[in-house]
Amino acid sequence: MVYLVTNQQELFGRSEYRTISVQESLQIMQNWKLGQLDSETTGRDAHLCDLLSVQFGNDAADIRIVVDTSTVDVNFYKEVLESKLWILHNAKFDLQFFFKHNIIIRRVYDTMICEQLLHLGWPAGKISYALNSVAWQRLHINIDKTVRGEIIWRGLDTATVLYGAGDVTYLEKIMWSQVEDLKKLNMMNAARLECDFIPSLAYMEWCGILLDREKWMAKMANDQISLKKAKESLDNFVISDNTYKEYTYINLQGDLWDGYDVTPKCTINWDSPAQVTRFFKRLGFDTSVKDKKTGEDKDSVLEKVLKGQKGINDEFLRIYFDYKEHSKVCSTYGQGHLNMINPKTGRIHTTFKQLGAASGRLSCGSKNSNTDLAKANKVAQKDCTYCNLQQLPADEPTRSAFVAPKGYNFVSADFSAEESRLAADIYQDKAFLKEFTEGTGDTHNMFAWAVFKEQCKALGCKDATEVKEKAPKWRKAVKAVEFAYLFGAAAPTIAQSANCSVEQAQAYIDALDKEFYGMTAFARKGAAFVRSHGYIIINSQTGHRLNWWDWEEWKERQERFNQPGFWEDFKLHHKGTGDVLAVEVRQHFQAASKYDRLARNVVTQGTGAIILKDAMTNLFNWIVDNGYFNIIHICVAVHDELNCDYPKEVDDFPRILETIMEQSAAKYCKSLPIPAEASVSDHWVH
């Protein structure tokens, strides 16, 4: 049965639905234990657009209620919305429109997020998480979305009322289908954590962050000056050496007003990959790489390809990479951020993906345009895309432009050595654990001592605790090796990161494997498990898992490759030929290596993401429970860091934030505490 709550008289008396009052609708819903919920809006930006309707549904009673919020105050439903468990699809979107009316929904089950959770690790584009796609995959029901794009101009009529009712018809059936899978895979705790997290994530997007226009514009001006200087350095490199005369130009024809300018000009467009590639080859660099998809040779002037080729022309590498860095800053962190300032709030409101990486980490930003904001700010849609606040440069001019409002402080709180402490706990590596319980807690010292022990001893170090003071050179040198090793990188990758030979990189790996045998054992066990089962258990407490999405195909190939005589025939007729079978074998082993690496590092990264989500959920609940909704703002989360602004008079908030974060960490890291450290300023300081 479909009911409509409206004050539009022309919608009364239709046979397709029954018109009822607010009181009647509330009476119907009072005994619901859970319900289905959806909304229709005038646009996608909750600060600039409004609710058109709210839809409620209940499977047990076979009832759908459509509320015309253009004529009925949605706050009549505040109590019922805030007191029951609601099933939504992409709840983060709807919750922000309810925030606009001071309605805070905290008990949700999101069919989109749970479907994504069940497919964590699947590549983008391999599966759609739109409601109609999930309904088809789960229930073999086709939900017609034709009317969706017509609602704004049609308003409420019979077709849009029935369409709205349709969106709260199948959510519960989808949920129970997902729950069956979640239970089978022991992932109910993961689903609970992810669903509990959604309101806090919606709140972070709703709050946004304040950008000081004048500071940002001053930064942009300085960025342009730095870019110009970097380009001049590149041009001068070419002009100052007659060896590269073919890349210069002198205007011999002159100019009517200015006369002749015989100063040579560089003709290379430093933003043209083709022109830059030719010049790199002219200098003697090898720009060839293998295309990961086709296996064919191609040219690349990316830093990761060139930075290991030291000794050919180090000066040019330095000034070229400097130019590319300044160019990226100017193009990525410039006017686009000013375009994203919302005229209603004066703040930037970007978007976050809850399961934005295979590890379950958040990702930030989108190439999609905020069309509502572009219209409001009178800029082109392409110039109003959701910016990535997680990858902002950490320099003071950039971060200091993100500020607290007047009368507020800005607090940045992050975990101290979270990933290393989690590694010690998860791997149960004695050397790691000892460093945190008996040593300095400085993993760079520990790694330097393992890799460059003899060099450190020569400088007077007795053990790892003295490395920072007596051998800072080797502490700094080991960082590239450390980060690559923790990521599970092979010798060629470490060689590139550390600028050494592959043989030397393998020696580093061997030394580290010997020193950190707990980590090594964990990696071997994880690699064997993922090859045998096709998934990685990210966290055993929650049940989060990363899927090797095409493992069944990989397993079939493995069985085929293990047939008698296969490898003898391969070595004789296919190895090194680049034919179809040679490419298939290469990609087969590349896939295995990829998941071997993930089996080690995704566990620490994924558990870190779980801790952050748990902490942010508890922070949001504390904010709401203590009456600080829309007063204390969660501005942005960056992996192991939470950033908020808060009224100065709430002077104990930084300590409260630290406590909340540490309590969440303690749930998932049993062997060691993970301290949270808050820094307070008038701007983003981390």
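Quick look at the overall build of the protein now. Within the protein, the secondary structure is distributed over 29 helices and 22 strands. A globule of 686 residues ought to have a C-alpha radius of gyration of about 26 Å, and the protein, at 29 Å, matches this closely. The buried share of the protein, reckoned over its 686 residues, is 52%. Residue pairs at least 24 apart in sequence account for 66% of intrachain contacts in the protein once pairs closer than 6 positions are excluded. Each charge class in the protein was averaged separately, 82 positive and 90 negative side chains, and the resulting centres sit 3 Å apart.

By the definition in use, this model includes 25 salt bridges. Among the ionic pairs, Arg-531 bridges to Asp-596, the shortest N-O distance being 2.6 Å. Linking Arg-531 in helix α25 (residues 517-533) with Asp-596 in helix α28 (residues 580-625), this pair joins segments that are 65 residues apart in sequence. Among the residues examined, Arg-531 registers a relative accessible area of 31% and is labelled partly exposed. The closest approach of N and O atoms between Asp-614 and Lys-667, which form a salt bridge, is 3.1 Å. A residue pair is termed long-range when its members are at least 10 positions apart, and Asp-614 in helix α28 and Lys-667 in helix α29 (residues 653-668) qualify at 53 residues. In this structure Asp-614 comes out as buried when scored by relative accessible area, which is 9%. Looking at Lys-667, the relative accessible area reads 36%, which means it is partly exposed. The network of salt bridges with shared partners includes Asp-59, Asp-62, Arg-64 and Lys-173.

Phi at Asn-186 takes a positive value of approximately 60°, unusual for a residue other than glycine. Its location among the elements puts Asn-186 in the loop between α8 (171-184) and α9 (188-207). Judged by its relative accessible area of 55%, Asn-186 falls in the exposed class. Phi is positive for Lys-378, which is not a glycine, with a value near 55°. Structurally, the position occupied by Lys-378 is in the loop between α15 (371-377) and α16 (396-399).

Our next topic: α9. The end-to-end C-alpha distance of α9 is 30 Å, a good match for the 28 Å that 20 residues give at a rise of 1.5 Å each. A bend of about 35° at Ile-198 is the largest found in α9, and the proline Pro-199 appears one to four places after it. Among the 20 residues of α9, 16 are classified as buried, and the element is accordingly described as predominantly covered. With its phi angle positive at about 65°, Gly-208 sits one or two positions after the end of α9.

Within the secondary structure, Gln-96 is located in helix α3 (residues 91-99). Note on Gln-96: relative accessible area 10%, which makes it buried. In this view, Gln-96 contacts Ala-46, Ala-202, Glu-205 and Trp-206; residues no more than four positions away in its chain are not counted.

Turning our eyes to something else, we now look at the pairing of strand β17 (residues 408-415). Residues in a regular strand point their side chains to alternate faces of the sheet. With seven of its eight residues buried, β17 lies for the most part within the structure. Bridge count between β17 and strand β21 (residues 641-647): seven bridges; the pairing is antiparallel. Across the sheet, residue Asp-414 finds its bridge partner in β21, namely Glu-641. Taken together, the six bridges between β17 and strand β22 (residues 676-681) define a ladder with antiparallel strand orientation. Within the sheet, the bridge partner assigned to Ser-412 lies in β22 and is Ser-679.

The topology assignment puts Ile-141 in the loop between α5 (131-139) and α6 (151-154). Ile-141 sits in the partly exposed class, given a relative accessible area of 21%. Each C-alpha atom of the pair Ile-141 and Tyr-170 lies 8.8 Å from the other, and the pair is 29 residues apart in sequence. If near-sequence neighbours (up to four positions away) are discounted, Ile-141 is found in contact with Asn-132, Ala-135, Trp-136 and Tyr-170.

Before going further, it helps to examine empty space enclosed by the protein. Once rolled over the atoms, a probe with the size of a water molecule shows which space is left empty. Across all of its chains, the model carries one cavity of 30 Å³ or more by this definition. Of the pockets and cavities examined, the largest cavity occupies roughly 40 Å³. Looking at the largest cavity, the residues that line it are Arg-361, Leu-362, Gln-390, Ala-609, Leu-612, Lys-613 and His-639. Grouping the constituent residues of the lining of the largest cavity by class yields three nonpolar, two polar and two charged.

Now for the side chain of His-47. Take His-47: it is sitting in the loop between β3 (34-41) and β4 (51-58). A relative accessible area of 12% places His-47 in the buried class. Side-chain polar atoms of His-47 contact the backbone oxygen of Trp-206, separated by 2.9 Å. The contact partners of His-47, leaving out residues within four places of it in the chain, are Lys-100, Trp-206, Asn-342, Lys-344, Thr-345 and His-349.

Before going further, it helps to spend a moment on the nonpolar core. With 175 residues, the main nonpolar core has Phe-56, Tyr-77, Leu-81, Trp-86, Phe-432 and Phe-653 as its most contacted residues. A total of 17 residues in this core trace back to one element, the largest contributor, which is α28. The contacts of Phe-56, once residues within four sequence positions are left out, are Met-29, Trp-32, Gln-36, Leu-37, Ile-63, Arg-64, Ile-65, Val-67, Tyr-77, Leu-81, Trp-86 and Val-168. Counting residues in each nonpolar core, the second largest holds 24 residues, with Leu-227, Cys-266, Phe-279 and Phe-321 among its members.

The four strands are arranged β20-β21-β17-β22 in an open sheet whose pairing can be described as antiparallel. Two strands in the sheet have a free side with no partner beyond their single neighbour: β20 (633-638) and β22. This sheet shows a mean twist of 20° between the axes of neighbouring strands, independent of strand direction. Where α29 meets the sheet, its contacts fall on β17, β21 and β22, and the angle it forms with β17 comes to roughly 25°.

Judged by side-chain charge, Glu-552, Glu-553, Glu-556 and Glu-559 come together as a negatively charged surface patch. Checked against the element boundaries, Glu-553 lands in helix α26 (residues 551-561).

As a further point, take the pairing of β4. Of all eight residues in β4, eight are buried; the element is thus mostly enclosed. Pairing analysis gives six bridges linking β3 to β4, with the strands arranged antiparallel. By the bridge assignment, Ser-39 is partnered in β4 with Val-54. Sheet analysis places β4 next to strand β5 (residues 63-68), joined by six bridges and oriented antiparallel. What sits directly across from Val-54, in β5, is Val-67. Between β4 and β5, which pair antiparallel in sequence order, lie four residues; one of them, Asp-62, sits at a positive phi of approximately 55°.

Criteria and thresholds
- Residues numbered from 1 in each chain as written.
- Predicted model: local features only at pLDDT ≥ 70, side-chain atom pairs only at ≥ 80, totals over all residues.
- Heavy atoms only, no water.
- Helix = DSSP H or I, 4+ residues; strand = E, 2+ residues; numbered from the N terminus.
- Rg over C-alpha atoms; globule rule 2.2 N^0.38 Å.
- Buried < 20%, exposed > 50% of the residue type's maximum accessible area, 1.4 Å probe, protein only.
- Contact = heavy atoms within 4.5 Å.
- Lys, Arg positive; Asp, Glu negative; His and termini not counted.
- Charge placed at Lys NZ, Arg CZ, Asp CG, Glu CD.
- Salt bridge = Lys/Arg side-chain N within 4 Å of Asp/Glu carboxyl O.
- Expected span 1.5 Å × (residues − 1).
- Bend = angle between axes of the 7 residues up to and from the residue.
- Pairing = 2+ DSSP bridges.
- 1 Å grid on protein atoms, 1.4 Å probe; cavity = no way out; pocket = protein on both sides within 12 Å on 5 of 7 lines; lining within 4 Å.
- Points joined across faces, edges and corners; volume = space filled by probe spheres on them.
- Nonpolar A, V, L, I, M, F, W, Y, C, P; charged D, E, K, R; others polar.
- Polar contact = N/O pair within 3.5 Å; in protein donor to acceptor, adjacent residues only side chain to side chain.
- Core = buried A, V, L, I, M, F, W, Y, C linked by side-chain atoms within 4.5 Å.
- Axes fitted to C-alpha atoms, helices over the stretch in contact; angles between N-to-C directions.
- Patch = residues over 30% accessible without salt bridge, like charges linked within 9 Å, V, L, I, M, F, W, Y side chains within 5 Å.
- Areas by Shrake-Rupley, 256 points an atom, 1.4 Å probe, with all protein chains shown as cover.

Remember that the coordinates give geometry; whether it matters functionally is a separate question.
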